[in-house]
Amino acid sequence: QVQLVESGGGLVQPGGSLRLSCAASGMIFSIYTMGWYRQAPGKRREWVATITSGGTTNYADSVKGRFTISRDNAKNTVYLQMNSLKPEDTAVYYCSNTVYWGQGTQVTVSS
């Protein structure tokens, strides 16, 4: 049974940083492209970043230069380092391999 469990969300002031983690189990993690997505209140879920099995990364324009996606195949974990956070980054953040989804972790950026 595939499980994706996100952690690391919380409340942070504008300009602050958070690091999200997503631990995977029940799948051959290293062969999958993994992605982070987010959904703000009243909005559709949107793509944030992906990392391929080979380590190639891509980012939405809205987070490029501020967020960094990475993976540790030995730990079956994908990360999202978020810097220079803005109030508009407030959302529930999900990780996914496009088939399975985690339960999400709340990120709130507010003073």
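Residues numbered from 1 in each chain as written. Predicted model: local features only at pLDDT ≥ 70, side-chain atom pairs only at ≥ 80, totals over all residues. Heavy atoms only, no water.

Participant: In this structure, what is going on with the packing of aromatic side chains? I would like to understand it.
Facilitator: When we look at a pair of aromatic rings, we describe it by the centre distance and by the angle of the planes. Within this structure, the stated rule accounts for 1 aromatic pair. Judged by centre distance (4.8 Å) and plane angle (55°), the rings of Y37 and W101 are tilted. Of the two residues, Y37 sits in strand β4 (residues 34-39) while W101 sits in the loop between β9 (91-96) and β10 (105-109), which places them 64 residues apart along the sequence. Classification of W101 as partly exposed rests on a relative accessible area of 36%. Note that R45 overlies the ring of W101, its terminal NZ or CZ placed 4.6 Å from the centroid. For the cation-ring pair, R71 lies above F29, with the distance from its terminal atom to the ring centre recorded as 4.6 Å. (Phe/Tyr/Trp six-rings, centres within 6.5 Å; stacked < 30°, edge-to-face > 60°. Helix = DSSP H or I, 4+ residues; strand = E, 2+ residues; numbered from the N terminus. Buried < 20%, exposed > 50% of the residue type's maximum accessible area, 1.4 Å probe, protein only. Lys NZ or Arg CZ within 6 Å of the ring centre and 35° of its normal.)

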